[in-house]
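As a plain string of letters, each chain reads:
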Amino acid sequence: MIAALLVNHNSPLVLAEISPAGPLEFGQVLVRVLVSGLCGAQLQEIRGEKGGPLPHLMGHEGCGIVEEVGPAITRVKVGDKVVMHWRKAAGLESPIPRYQFSESSTHYSLPATRYFTSGRVTTLATHSICSENRLTPIPADTDPALGALLGCGLSTALATVESEARWGDSVLVLGVGGLGLSLLAALDLTRPRRICACDTNERKRSPARCAGAEFINLTDEKLSGAFDLILDTTGAPSAMENALGHLAPSGRYVMIGQPAPGQPVCLNAARHMFDGEGKTIKATQGGGFRPDLDIPRYLPALAELYLDRLITHRIPLEKINTALDLVRQGEAGRVLITMSTAES
Ligand SMILES: [Zn+2]
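Quick caveat: nothing in here was measured; it's all calculated off a predicted structure.

> What is the right way to look at the coordination of the zinc ion in this model?
Note on metal sites: the ideal angle is 109.5 degrees for four tetrahedral donors, and 90 or 180 degrees for six octahedral donors. Note on the zinc ion: its protein donors are C39 (SG), H60 (NE2) and C152 (SG). The metal-donor distances range over 2.0 to 2.2 Å. Written as a sequence motif, the donor residues of the zinc ion are C-x20-H-x91-C. Placement of H60 in the loop between β4 (56-57) and β5 (61-69) and of C152 in the loop between α2 (144-149) and α3 (153-164) is noted, with a sequence separation of 92 residues between them. Comparing H60 with C152 shows no difference in burial state: the two are buried.

> Is there a simple way to explain the sheet that holds strand β16 (residues 280-283) in this structure?
Within a sheet, neighbouring strands are paired by backbone hydrogen bonds and run either parallel or antiparallel to one another. Taken in spatial order, the 6 strands of this open sheet run β13-β12-β11-β14-β15-β16, and their pairing is parallel. Whereas interior strands pair on both sides, the edge strands pair on one side only; in this sheet they are β13 (214-215) and β16. Across 4 bridges, the pairing between strand β11 (residues 170-174) and strand β14 (residues 227-232) is parallel. From the neighbouring strand, V173 faces β14, where its bridge partner is L231.

> Where do I start with helix α9 (residues 320-329) in this structure?
Since one α-helical turn is 3.6 residues long, residues separated by three or four positions face the same way. Of the positions making up α9, those classed as buried are I320, A323, L324 and L326. End-on view of α9: buried residues confined to an arc of 155 degrees, all on one side of the axis. The secondary structure elements touched by the buried residues of α9 are β1 (2-6), α1 (40-46), β17 (311-316) and β18 (334-338). In the segment just after α9, G330 is the residue with positive phi, at about 70 degrees.

> Explanation requested: the packing of aromatic side chains in the structure shown.
Two aromatic rings are characterised by how far apart their centres lie and by the angle between their planes. Under the counting rule described, the total for this entry stands at 3 aromatic pairs. Taken together, a centroid distance of 4.8 Å and an interplanar angle of 35 degrees make the contact between F101 and F116 tilted. Placement of the pair is F101 in strand β7 (residues 98-101) and F116 in strand β8 (residues 115-117), with a sequence separation of 15 residues. Judged by its relative accessible area of 6%, F116 is buried. With centroids separated by 6.3 Å and ring planes inclined at 10 degrees, the aromatic side chains of F289 and Y298 adopt a geometry described as stacked. A single burial state applies to F289 and to Y298, both of which are buried. Among the aromatic residues, those joined into a cluster by ring pairs are Y99, F101 and F116.

> Is there a simple way to think about the layout of surface pockets in this case?
Over the atoms, a rolling probe the size of a water molecule traces out where space has been left empty. Of the volumes computed, that of the second largest pocket is approximately 240 Å³. Lining of the second largest pocket is provided by L181, A185, D188, L189, R191, A211, E304, L305, Y306, R309 and L310. Considering every element that reaches the lining of the second largest pocket, the biggest residue donor is helix α4 (residues 178-190), with 4 residues. Of the residues assigned to the lining of the second largest pocket, the class counts are 7 nonpolar, no polar and 4 charged.

> Sorry if this is basic, but what is going on with the pairing of strand β9 (residues 127-131) here?
Regular strands place their side chains on alternate faces of the sheet. With respect to burial, β9 is a largely interior element, 5 of its 5 residues being buried. Neither face of β9 is exposed, since H127, I129 and S131 on one face and S128 and C130 on the opposite face are all buried. Relative to β9, strand β3 (residues 28-37) runs antiparallel, the two being bridged by 5 bridges. Residue pairing across strands places L30 opposite I129, the latter belonging to β9.

> I tried to follow the pattern of salt bridges on my own but got confused; where do I start?
It is possible for side chains bearing opposite charge to pair when their charged atoms get close. By the definition in use, this model includes 19 salt bridges. D294 is the salt-bridge partner of R290, the closest N and O atoms lying 2.8 Å from each other. Overall, the relative accessible area of 40% leaves R290 in the partly exposed class. You can call D294 buried: its relative accessible area is 2%. One salt bridge connects R297 with D294, and the closest N-O pair in it is separated by 2.9 Å. Taken together, the residues R297 and D294, both in helix α7 (residues 291-298) and 3 residues apart, mark about one turn of the helix. Using a relative accessible area of 41% as the deciding quantity, one classes R297 as partly exposed. Connected through salt bridges with shared partners, the residues K88, E93, R120 and R134 form a single ionic network.

Analysis parameters
- Residues numbered from 1 in each chain as written.
- Predicted model: local features only at pLDDT ≥ 70, side-chain atom pairs only at ≥ 80, totals over all residues.
- Heavy atoms only, no water.
- Donors = N, O, S within 2.8 Å, 3.2 Å for Na, K, Ca; no water.
- Helix = DSSP H or I, 4+ residues; strand = E, 2+ residues; numbered from the N terminus.
- Buried < 20%, exposed > 50% of the residue type's maximum accessible area, 1.4 Å probe, protein only.
- Pairing = 2+ DSSP bridges.
- Arc of directions from axis to C-beta.
- Contact = heavy atoms within 4.5 Å.
- Phe/Tyr/Trp six-rings, centres within 6.5 Å; stacked < 30°, edge-to-face > 60°.
- 1 Å grid on protein atoms, 1.4 Å probe; cavity = no way out; pocket = protein on both sides within 12 Å on 5 of 7 lines; lining within 4 Å.
- Points joined across faces, edges and corners; volume = space filled by probe spheres on them.
- Nonpolar A, V, L, I, M, F, W, Y, C, P; charged D, E, K, R; others polar.
- Salt bridge = Lys/Arg side-chain N within 4 Å of Asp/Glu carboxyl O.

See the structure below:
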């Protein structure tokens, strides 16, 4: 198997030939990856903000086909198409997967340690050992791109909108990247009273409008108190500081993108947090998404979703660093990584 590895922080990923370090253990499933998503969390990992040992296998949203199952697996079987997700579903929590570098690897000179471990789901590789509870089977005719989006960004968006948006709300989405576009698509399915979006990149005006949102400027004082719900994908303290004043009395501010470690946020005019019944700031972990319960519920509704409005790039694994640059530059919507062995 070929995998994109983080070998050093703040460095390009390295393609390496690796293999499982032994037979599958209790609760482990070997998946042939078809498509992986990329999100801001990978950039945080590359910057070293998430910790963890090096080398490190990457990616936490994908779609693949089950190739082999370890002992005691009941939720998936060989041949199943599965969503690979970082949120836990029902099923077994496996031991940490172990891999080894292949002696014959032509991609990468072997480091001192031959063996290494990974998280219980990884997706930036042609194959991956996953924990049973990070996989949810989907119908065989599901578009693998849609499957991959349901592993993190789209599912987070759908679950966040379902749990936070109320009928008749005026909603502002901060940041029009892959997650922001997914939120706009999810909001479009629920049709609130007003949907606005903003981004520091003016070129995001057009994709925001295509997704049915008014593109606004955060410095517009006329927007003071205009939004019942603000969904922040940016993790940028400055965005939060500028946007909080636009929250209506009793309004809710939901942090979805994570600020970098150690970054403070200044609460301007904090007394206005008491307006109405009091305003709320909350942080959400993937919108509380429950993969095994929610994916089967969401799939039928997603037939109406225009995937091409969300997905701006499909890039082969070999060009993973080009793909990461696109996400870094803030120009892309959802970027998907396709494996050269991919079949749908
Ligand atoms: Zn993610």
